[in-house]
Amino acid sequence: MKKYITTPIYYVNDVPHIGHAYTTIIADTLARFRRLQGFDTFFMTGTDEHGQKIEQAAKQRNKTPQEYADEISSKFKALWDDFDISYDYFIRTTDENHKKTVQNAFMKMYEKGDIYKGEYEGFYCVSCETFFTQTQLLDDNCCPDCGRKTSVVKEESYFFKLSKYEDELLKWYETSDTSVLPKGKKNEVISFVKGGLKDLSITRTSFDWGVKLPDDLNDAKHVMYVWLDALVNYLTTLGYTLGDEKMAYWDDTTHLVGKDILRFHAIYWPAFLLSLDLPLPKCVAAHGWWTKDGEKMSKSKGNVVNPKEVADVYGLENFRYFLLREVPFGQDGDYSKKALIERINSELGNGLGNLLNRIIGMSGKYSEYKIDKNNTAKFYQSELDEAKEYIKSAISSLENIMPNRYLEEIWKIVALANGVIAKYEPWTMMKNNKADEANALVSLCANLLAKIAVLLSPAMPKTCDKIANALSFEISNEMYVKILLNDELLDFVAKPTQPLFPRVEDEPQKDQEMPKQEIKQSKDDIITIDDFAKIVIKVGEVLECERVEGSDKLLKFKIDLGEDKPRQILSGIAKFYNPSDLIGKQVCVLSNLKERTMMKKYVSQGMILSAEDGSLTLLGTHAKVKNGSIVG
């Protein structure tokens, strides 16, 4: 049987953040789990690259929309590759096969009579790429989703007959338990649809960066509305209308999305599919948002969590575990360093890691690392039965997109195994000449740990491979069936290994005063106004900023100083700022400093000015000024 699992395609208006990582890690875990179960699984992700917002962002950076989309899309793909995400296909909406698929789908709906031409007038939010009615807006005609000012747009448009499919959508929600998850989100969708659906504007004429209409319509001024374009990507990936070579996967489709785009995936998208006479998804699952230390993340606050930085410091698999375990699926979650470290040290280190160490230690002392299953069920059948119930619950939880519950059930098995060691004290058994019971207890724990490793492997694949290697077995579909479904017990040969989870020590960063130095000025230190006139300090806007490969300190900037082309400047402030937080900011630059080559290959054409008093702050202006303005 085939399974199709998708993430949303991520909009290239910014670099990846923790929310993108959360969605993708859930999807990756589910895809790995389905493969472990033996299903032929196809997993896709990618980037959404059209729309007015992208066109505007590119213009601000003196790039073409394609150049800008190429740059940001590559960052998403690089991060997923670095995170070892097991996707089968990475789609970009600028791919030629996608454009053809979207045009073919549009034409099918048009020929069916579901698309017609008219005129649209409404309040449009560029940031959200969405129209709103007057009653939906906040004060001062602001967007109800992002809070930004909307503008009234009146233009010719093609419309999709969304209202036609209202009853069929309601029937889908009512007859399918998994159509929208969690249940609370489904109720929100049903309420919206029962409020009445209006036909949907699906083209625009006020910008060019998008997929043009099919040539047969001879209407070149229109481009497809970004959401129609973007949603069809799920079919493009499977070759829809271009050979249909993978469309067999479509019959069992799971879409993972954030709650902010649930309406598009649970209302508009199924309606498009009904128009195309295609089966509806098995499940649209929507998760919540992430805050940091209880506050909403924003660039202005400087508290946006960079997933790569967290994974580099605390370990990728520890980060995966934290995201999946920390919050019930569908609810909002809060990221904090304290909570992450607590889970690493307590649940991973003291729980799972300690269990492996104890099994290896006991088997080494009692049986020269050989672990025999023979008496396990004889002495500990009740513990095996208890674990069996947790395993059933864990499998069911992940199948129903509850990754936090899945991990909670697995950790009940971890606690069970550690608990029986404390309860029965095998070292006391050995002293009392009960070697059979003691070795059977070690076998019980080793078999429980093997079950844990197989079941946990979709969430923490490399960690579980280490456990399997330490006990001399392999994780596979065959092993899944053997020890999880058929309850077979294994013999093991244990091997000493390094601790799985070295303890993370949290050293709070305390404000430290820099040593104050008394500055004694001599007459030679005093400069004249003529000396100062030699220094040229200009205000410039940061167009690009990224880390320099091979350096922990350096950031590489492209800065607009009002000159013919941007300058490249390197600055050693990587420990104080996230690159993405600096894009669009104005900074002060010593512009007539002699350029120099750094790390043998990077030319730096100036110096960004800052003030330091234990922390570091870039110098800027109180209000935005023209790029290239002189500071004097």
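The model shown is predicted, which means the values in this text are computed figures rather than measured ones.

Q: Sorry if this is basic, but what is going on with the environment of L490 here?
A: Relative to the elements of secondary structure, L490 occurs in the loop between α18 (477-485) and β18 (492-493). Accessibility expressed as a relative area gives 8% for L490, which makes it buried. For the pair L490 and M109, spaced 381 residues apart in sequence, the C-alpha separation works out to 57 Å. Beyond its immediate sequence surroundings of up to four residues, L490 is in contact with K373, N447, M479, K482 and I483.

Q: For this particular structure, what's the right way to read a nonpolar patch on the surface?
A: A cluster of nonpolar side chains, namely I527, I529, F532 and I535, defines an oily patch on the protein surface of about 390 Å² accessible area. By the secondary structure assignment, I529 is in helix α19 (residues 529-533). On the accessibility criterion, I529 (65% relative accessible area) is exposed.

Q: Even after reading the chapter, I still don't get the pairing of strand β3 (residues 40-48), so can you show me in this structure?
A: Each regular strand displays side chains that alternate between the two surfaces of the sheet. By the criterion of burial, β3 is predominantly enclosed, with eight of the nine residues buried. Pairing of strand β1 (residues 2-6) with β3 involves five bridges; the strand directions are parallel. Within the sheet, the bridge partner assigned to K2 lies in β3 and is D40. Pairing of β3 with strand β4 (residues 89-92), which is carried by four bridges, proceeds in the parallel orientation. Bridged to T45 within β4 is F90.

Q: Mind showing me how you'd approach helix α10 (residues 307-314) here?
A: At 3.6 residues per turn, the α-helix brings residues three or four places apart onto the same side. Among the residues of α10, those classed as buried are P307, V310, A311 and Y314. Projection of α10 onto a plane perpendicular to its axis shows the buried side chains occupying an angular sector of 95°, all on one side. Turned more than 90 degrees from where α10 packs its buried face, D312 and V313 sit exposed. In this fold, the buried residues of α10 make contact with α1 (18-36), α3 (65-82), α11 (316-326), β16 (333-335) and α12 (337-367). The residue sitting at the N-terminus of α10 and contributing the capping side-chain oxygen is N306; that oxygen lies 2.9 Å from the backbone nitrogen of K308. Phi turns positive, to about 100°, at G315, one or two residues after α10.

Q: Honestly, the sheet that holds strand β9 (residues 200-201) in this entry has me stumped. Any pointers?
A: Within a sheet, each strand pairs with its neighbour through backbone hydrogen bonds, oriented either parallel or antiparallel. Spatial ordering of the open sheet is given by β6-β5-β7-β9, a layout of four strands whose pairing is antiparallel. Looking at which strands have only one partner, the edges of the open sheet turn out to be β6 (130-132) and β9. Where strand β7 (residues 151-160) and β9 come together, two bridges link them in antiparallel fashion. Note that in β9 the partner of F160 across the bridge is L200.

Q: What exactly am I supposed to notice about the packing of aromatic side chains here?
A: Think of a pair of aromatic rings as described by two things: how far the centres are apart, and how the planes are tilted against each other in angle. For the coordinates displayed, the defined rule picks out 24 aromatic pairs. With a centroid separation of 4.0 Å and 5° between ring planes, the pair formed by W227 and F264 is classed as stacked. You can see W227 sitting in helix α7 (residues 226-231) and its partner F264 sitting in helix α9 (residues 262-275), a full 37 residues away along the chain. Judged by relative accessible area, which is 14%, W227 ranks as buried. Exposure remark for F264: the relative accessible area of 7% places this residue in the buried category. Considering the side-chain rings of Y234 and W269, the 5.9 Å spacing of their centres and the 55° angle between planes classify their relative orientation as tilted. Remark: W269 occurs in helix α9 and Y234 occurs in helix α8 (residues 233-236); sequence separation between them is 35 residues. Each residue in the set Y4, F42, Y234, Y249, W250 and W269 is aromatic and connected to the rest through ring pairs, giving one cluster. For the cation-ring pair, K3 lies above F39, with the distance from its terminal atom to the ring centre recorded as 4.7 Å. Across the ring face of W289, the terminal group of K259 is positioned such that the distance to the ring centre comes to 4.6 Å.

Q: What should I look at first to understand the sheet that holds strand β14 (residues 290-292) in this one?
A: Ordered by their spatial adjacency, three strands build an open sheet running β15-β14-β16, and the pairing between neighbours is mixed. Because the sheet does not close on itself, it has two edges, and the strands there are β15 (295-296) and β16. When β14 meets β16, the two strands line up parallel, connected through three bridges. Along β16, the bridge assignment pairs K292 with Y335.

Q: What is the right way to look at α18 in this model?
A: Every buried residue of α18 is listed here: M479, Y480, I483 and L484. Viewed along the axis of α18, the buried residues span an arc of 105°, placing them on a single side of the element. Where α18 is buried, its residues meet α1, α13 (376-399) and α16 (435-456). Just beyond α18, the residue with positive phi is D487, at close to 60°.

Q: When you look at the side chain of T463 in this model, what are you seeing that I'm missing?
A: With respect to the helices, strands and loops of the structure, T463 is situated in helix α17 (residues 461-470). Here the side chain of T463 touches E317 through a polar contact of 2.8 Å, side chain to side chain. When sequence neighbours within four positions are dropped, the list of residues in contact with T463 reads E317, L500 and F501.

Q: What am I meant to see in the side chain of T47 here?
A: The topology assignment puts T47 in strand β3. Classification of T47 by relative accessible area gives buried; the value is 0%. Within the local environment of T47, its side chain forms a polar contact with the side chain of E49, the two groups lying 2.6 Å apart. Look past the residues within four positions of T47 in its chain and what remains in contact with it is I9, Y10, V12, S73, F76, F90, I91, R92 and T93.

Q: Help me understand the packing of α12 against α16 in this model?
A: Packed helix pairs are specified by the crossing angle of their axes together with the interaxial distance, meaning the distance between the axes. Direction vectors running N to C along α12 and α16 enclose 145°, while the axes themselves pass 10 Å from each other. Viewed along their axes, α12 and α16 form a crossing whose handedness is left-handed. Only N439, V442, C445, A446, L449, I452 and L456 of α16 make contact with α12, whose side of the interface consists of L352, L355, L356, I359, M362, S363, Y366 and S367. Across the contact of α12 with α16, the residue classes tally to twelve nonpolar, three polar and no charged.

Q: So what exactly am I meant to see when it comes to the nonpolar core here?
A: Grouped burial of nonpolar side chains is what soluble globular proteins tend to show. With 180 residues, the main nonpolar core has W80, F160, Y173, W250, F272 and L456 as its most contacted residues. The leading source of residues in this core is α16, at 15 residues. Leaving out residues up to four positions away in the same chain, W250 has contacts with Y4, Y234, L235, L238, H255, W269, L273, L278 and P279. Counting 15 residues, the second-largest nonpolar core is a separate cluster that includes L555, F557, I559 and I573.

Q: Whenever I open this one, the pattern of salt bridges confuses me. Can you help?
A: Pairs can form between side chains of opposite charge whenever their charged atoms are close. Applying the stated rule across the entire model yields 39 salt bridges. Note that D219 is salt-bridged to K117, the shortest N-O span being 2.8 Å. Placement of D219 in the loop between β10 (203-204) and β11 (223-224) and of K117 in strand β5 (residues 115-125) is noted, with a sequence separation of 102 residues between them. The class for D219 is buried, based on a relative accessible area of 11%. Using a relative accessible area of 43% as the deciding quantity, one classes K117 as partly exposed. A salt bridge links R547 to E309, with the shortest nitrogen-to-oxygen separation between them at 2.1 Å. In this pair, R547 is assigned in strand β19 (residues 537-547) and E309 in helix α10, connecting sequence segments 238 residues apart. Residue R547 is classed as partly exposed on the basis of its relative accessible area, which comes to 34%.

Cut-offs applied
Residues numbered from 1 in each chain as written. Predicted model: local features only at pLDDT ≥ 70, side-chain atom pairs only at ≥ 80, totals over all residues. Heavy atoms only, no water. Helix = DSSP H or I, 4+ residues; strand = E, 2+ residues; numbered from the N terminus. Buried < 20%, exposed > 50% of the residue type's maximum accessible area, 1.4 Å probe, protein only. Contact = heavy atoms within 4.5 Å. Patch = residues over 30% accessible without salt bridge, like charges linked within 9 Å, V, L, I, M, F, W, Y side chains within 5 Å. Areas by Shrake-Rupley, 256 points an atom, 1.4 Å probe, with all protein chains shown as cover. Salt bridge = Lys/Arg side-chain N within 4 Å of Asp/Glu carboxyl O. Pairing = 2+ DSSP bridges. Arc of directions from axis to C-beta. Polar contact = N/O pair within 3.5 Å; in protein donor to acceptor, adjacent residues only side chain to side chain. Phe/Tyr/Trp six-rings, centres within 6.5 Å; stacked < 30°, edge-to-face > 60°. Lys NZ or Arg CZ within 6 Å of the ring centre and 35° of its normal. Axes fitted to C-alpha atoms, helices over the stretch in contact; angles between N-to-C directions. Left-handed = near helix turned anticlockwise from the far one by under 90°. Nonpolar A, V, L, I, M, F, W, Y, C, P; charged D, E, K, R; others polar. Core = buried A, V, L, I, M, F, W, Y, C linked by side-chain atoms within 4.5 Å.

Any functional reading would require information beyond the geometric quantities listed.
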